[in-house]
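Okay, here's what each chain looks like letter by letter:
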Amino acid sequence: MQTIIRKVDENCIDEKIMKEAGALLKAGALVAFPTETVYGLGANALDEKAAAKIYAAKGRPSDNPLIVHIADMESLKLITEEIPEAAYQLADKFWPGPLTMVLKKSDAVPYGTTGGLDTVAVRMPSHPIALEMIRYGGGYIAAPSANTSGRPSPTLASHVLDDMNGIIPMILDGGAVGIGIESTIVDLTEGVPTILRPGFITKEMLEEVVGEVQIDKGLSADSKTPPKAPGMKYRHYAPKADLMIVEGAREAVIEKINALVQENESKGVCTGIIGTEETISRYPSGIVKSMGTRRDELSISSHLYSILREFDESDAEIIYSESFSEGAMGSAIMNRLLKAAGHKIMKV
Ligand code: AMP
Ligand code: MG
């Protein structure tokens, strides 16, 4: 299959292209498109056969359910059995945007989309191209990240092409995404709203709207119970090199990383470093990459996955990364980075 790439300008969306992509979705084919979080791999969520193509294209385990993307509140009613007041309040505040809510599903949603669960995860994204894609594609688009399972999520159309070339018919190229890590997932199906995956929308932001919110205990590395979002149990985003996070005061971290790099280089081991604009000049050797600036959290989150992909193309065998746990998005960024590192963290 030939993969066609169509450039789309979010400020001036070409309706002809959207019609073409929408027709593919309606016919049960896959189309990748940008959202404000990462690039999504879209299929008609109400068509079990179309959803099955997503699993095949990604090599995604079949128990890992898909998020259904909608473009208006009216659409929520068809796919859910029951909409609690909290869902309306959260939608009012955060939709369209990077928040996914888990609700009880209606019969309209096939089990092939929900991985056999009686609940459905729903999001209304804010990216103008994503919203148009949903409308043209029939209103209900399942769209997990458009990467091969186990690879970093795509934040550029070229990342999608790297993983999906020859496998899907079309990619809409809307440029770099803004947030760069996946949506916050909150479960509203039992008692206290529970965060199943941290993201741009933080616990504090949710609590301002609905009161007490808890974090799924299954998310911590030492938990005995599995995470409630089936996808969170898989070791995603593992780079080819061994990744280790070095955490502590800035000067101590720089000193430690430089010492480790020297030790590796004396043994002929090619070493990578993930720093920031504030620190990269302090690392004299190794393959040094900047994640962004600590003055702007979005610059960090939006570069995380592309840096991991870049290291996969390099000769680095070991990578040391600074830690990014501070700030509002700290827990979301560290959740992804710790997974990529297989939870290897060194405190200095
Ligand atoms: P992705 O779309 O690749 O970012 O992954 C979607 C995430 O949402 C995975 O971690 C899924 O396990 C999770 N998810 C989707 N539907 C549900 C659901 N009904 N209940 C719990 N988690 C879900
Ligand atoms: Mg994913």
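Since the model is a prediction, treat every value here as computed from it, not as a measurement. (Residues numbered from 1 in each chain as written. Chains lettered and ligands numbered in written order. Predicted model: local features only at pLDDT ≥ 70, side-chain atom pairs only at ≥ 80, totals over all residues. Heavy atoms only, no water.)

Chemist: Just checking my understanding: could you explain the packing of aromatic side chains for this structure?
Modeler: How two aromatic rings sit relative to each other is given by the distance of their centres and the angle of their planes. Following the criterion strictly, the structure yields zero aromatic pairs and no others. Between the NZ or CZ atom of lysine 105 and the centre of the ring of tyrosine 111, over which it lies, the distance is 4.2 Å. Here lysine 289 stacks its cationic end above the ring of phenylalanine 311, 5.3 Å away from the centre of that ring. (Phe/Tyr/Trp six-rings, centres within 6.5 Å; stacked < 30°, edge-to-face > 60°. Lys NZ or Arg CZ within 6 Å of the ring centre and 35° of its normal.)

Chemist: What am I meant to see in the pairing of strand S16 (residues 318-322) here?
Modeler: On a regular strand, one side chain projects to one face of the sheet and the next to the other, so that they alternate. Judged by how many residues are buried, S16 sits mostly within the fold: four of five residues are covered. With five bridges joining them, strand S13 (residues 242-247) and S16 adopt parallel strand pairing. Bridge pairing links isoleucine 245 to serine 321 in S16. Here strand S14 (residues 271-275) pairs with S16 via four bridges, running parallel. Considered in S16, the bridge of threonine 271 is made with isoleucine 318. (Buried < 20%, exposed > 50% of the residue type's maximum accessible area, 1.4 Å probe, protein only. Helix = DSSP H or I, 4+ residues; strand = E, 2+ residues; numbered from the N terminus. Pairing = 2+ DSSP bridges.)

Chemist: I keep staring at the site of ligand 1 and nothing clicks. Help me out?
Modeler: Taken together, 21 residues surround ligand 1, and among them Arg60, Asn64, Thr119, Arg197 and Gly231 come closest. Within the side chain of arginine 197, an N or O atom sits 2.8 Å from an oxygen atom of ligand 1. One of the backbone nitrogen or oxygen atoms of proline 230 is found 3.3 Å away from an oxygen atom of ligand 1. In isolation ligand 1 offers 500 Å² of accessible surface; the protein chains occlude 95% of this area. Because more than half of its atoms lie within 2 Å of the grid, ligand 1 is assigned to the largest pocket. Those elements giving two or more residues to the shell around ligand 1 turn out to be strand S7 (119-123) and strand S11 (194-197). Considering each element in turn, the shell around ligand 1 owes the most residues, three residues, to S7. Tallied by class, the residues present in the shell around ligand 1 amount to 13 nonpolar, four polar and four charged. (Near = heavy atom within 4 Å. Polar contact = N/O pair within 3.5 Å; in protein donor to acceptor, adjacent residues only side chain to side chain. Areas by Shrake-Rupley, 256 points an atom, 1.4 Å probe, with all protein chains shown as cover. 1 Å grid on protein atoms, 1.4 Å probe; cavity = no way out; pocket = protein on both sides within 12 Å on 5 of 7 lines; lining within 4 Å. Sits in = over half its atoms within 2 Å of the grid points. Nonpolar A, V, L, I, M, F, W, Y, C, P; charged D, E, K, R; others polar.)

Chemist: I'm lost on the sheet that holds strand S15 (residues 287-290) in this one. Help?
Modeler: Each strand in a sheet pairs with its neighbour through backbone hydrogen bonds, running either in the same direction (parallel) or in the opposite one (antiparallel). Reading across from one edge, S15-S14-S16-S13-S17 is the order of the five strands in this open sheet, with parallel pairing throughout. The sheet terminates laterally at S15 and strand S17 (345-347), the two strands that pair on one side only. For this sheet the average axis-to-axis angle between neighbouring strands, irrespective of direction, equals 25°. (Axes fitted to C-alpha atoms, helices over the stretch in contact; angles between N-to-C directions.)

Chemist: Just to check I follow, could you spell out helix H6 (residues 128-136) for this structure?
Modeler: The periodicity of an α-helix, 3.6 residues per turn, causes residues three or four positions apart to be oriented the same way. Every buried residue of H6 is accounted for by Ile129, Ala130, Leu131, Glu132, Met133 and Ile134. On its buried face, H6 sits against helix H1 (15-26), strand S2 (31-34), strand S4 (67-69), strand S8 (141-142) and strand S9 (170-173). Following H6 by one or two positions, glycine 138 has its phi on the positive side, about 110°. (Contact = heavy atoms within 4.5 Å.)

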